[in-house]
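Chain residues, written in single-letter form:
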Amino acid sequence: QVQLVESGGGLVQAGGSLRLSCASTGRTFSSYRTGWFRQAPGKEREFVAAISRGGGSTYYADSVKGRFTISRDNAKNTVYLQMNSLKPEDTAVYYCAADAGYSGSYRALREYDYWGQGTQVTVSS
C-alpha cells in the first residue's frame, strides 16, 4: 500500500515555473513506478510524465516535452514535477500516481494502482 499527497500547485503567469511534489507514505516509494497526470475541467485525465522505480527512465507527453521534468528522490519517498515555461493550457488539477506492476504502458491510467488527491495548477495569460 502507498498513500500519495501532492503539493506545490498554485497560480502562476504564463512563462513561469512551478514545482509539484508528491510525498508518499506506506511502502517504500522505490517499490513503485510513478507518474503525473492532469485533468482540466470538461476533459479526461491525461498523461503528463512518468518515471521508473530507480529514476533511470523518464517519459513525457508531447505537450510538455522540453518544458517539464519529472524526478524522484527515493530516500525522501517523493516524486517531483518541475514545470517551466508554463502555458494557460497547462491549467489543470495535477495528480500523482503509483504503479506496483512491472508491465504495461506508463501512459495508461489503468496501469496505476494508487492516486493522490490532486493539486490545482492555474496558469494565467
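### Some points on the pattern of salt bridges
Considering all chains together, one arrives at five salt bridges under this definition. Among the salt bridges present, the one from Arg 38 reaches Glu 46, with a minimum N-O distance of 2.8 Å. What makes Arg 38 buried here is its relative accessible area of 5%. Asp 90 is paired through a salt bridge with Arg 38; the nearest N and O atoms lie 2.9 Å apart. Of this pair, Asp 90 sits in the loop between β8 (78-83) and β9 (92-99) while Arg 38 sits in strand β4 (residues 33-39), placing them 52 residues apart in sequence. With a relative accessible area of 1%, Asp 90 lands in the buried category. Through salt bridges that share partners, Arg 38, Glu 46, Arg 67 and Asp 90 make up one connected network.

### Concerning the pairing of β9
Most of β9 is tucked away: seven of the eight residues are buried. One ladder, built from seven bridges, connects β4 with β9; its direction is antiparallel. Opposite Thr 34, over in β9, you have Ala 98 as the bridge partner. Where β9 lies against strand β11 (residues 119-124), three bridges are found, and the strand directions are antiparallel. In the strand pairing of β11, Tyr 94 is matched with Thr 119. Relative to strand β10 (residues 114-115), β9 runs antiparallel, the two being bridged by two bridges. Within β10, the residue paired with Ala 98 across the bridge is Tyr 114.

### Here's the deal with the nonpolar core
What tends to happen in soluble globular proteins is that the nonpolar side chains get buried as a cluster. Counting residues in hydrophobic clusters, the biggest one holds 34 residues, and the most contacted among them are Trp 36, Val 48, Phe 68, Ile 70, Leu 81, Met 83 and Tyr 94. For this core, the secondary-structure elements that each account for two or more residues are β1 (2-7), β3 (18-26), β4, β5 (46-51), β7 (68-73), β8, β9 and β11.

### Here's the deal with the sheet that holds β8
Read from one edge of the open sheet, four strands run β1-β3-β8-β7, paired in antiparallel fashion. In this open sheet, the two strands that pair with only one neighbour each are β1 and β7. Across the sheet, the mean angle from the axis of one strand to that of its neighbour is 15 degrees, orientation sign disregarded. When β3 meets β8, the two strands line up antiparallel, connected through six bridges. Residue pairing in the sheet places Arg 19 in a bridge with Gln 82 of β8.

### A look at the pairing of β5
The element β5 is largely enclosed, with a buried count of five among its six residues. In the sheet, β4 pairs with β5 via five bridges, with the strands oriented antiparallel. Counted as the bridge partner of Thr 34 is Ile 51 from β5. Two successive antiparallel strands, β4 and β5, enclose a turn made up of six residues, where Gly 42 displays a positive phi of approximately 80 degrees.

Calculation criteria
Residues numbered from 1 in each chain as written. Predicted model: local features only at pLDDT ≥ 70, side-chain atom pairs only at ≥ 80, totals over all residues. Heavy atoms only, no water. Salt bridge = Lys/Arg side-chain N within 4 Å of Asp/Glu carboxyl O. Buried < 20%, exposed > 50% of the residue type's maximum accessible area, 1.4 Å probe, protein only. Helix = DSSP H or I, 4+ residues; strand = E, 2+ residues; numbered from the N terminus. Pairing = 2+ DSSP bridges. Core = buried A, V, L, I, M, F, W, Y, C linked by side-chain atoms within 4.5 Å. Axes fitted to C-alpha atoms, helices over the stretch in contact; angles between N-to-C directions.

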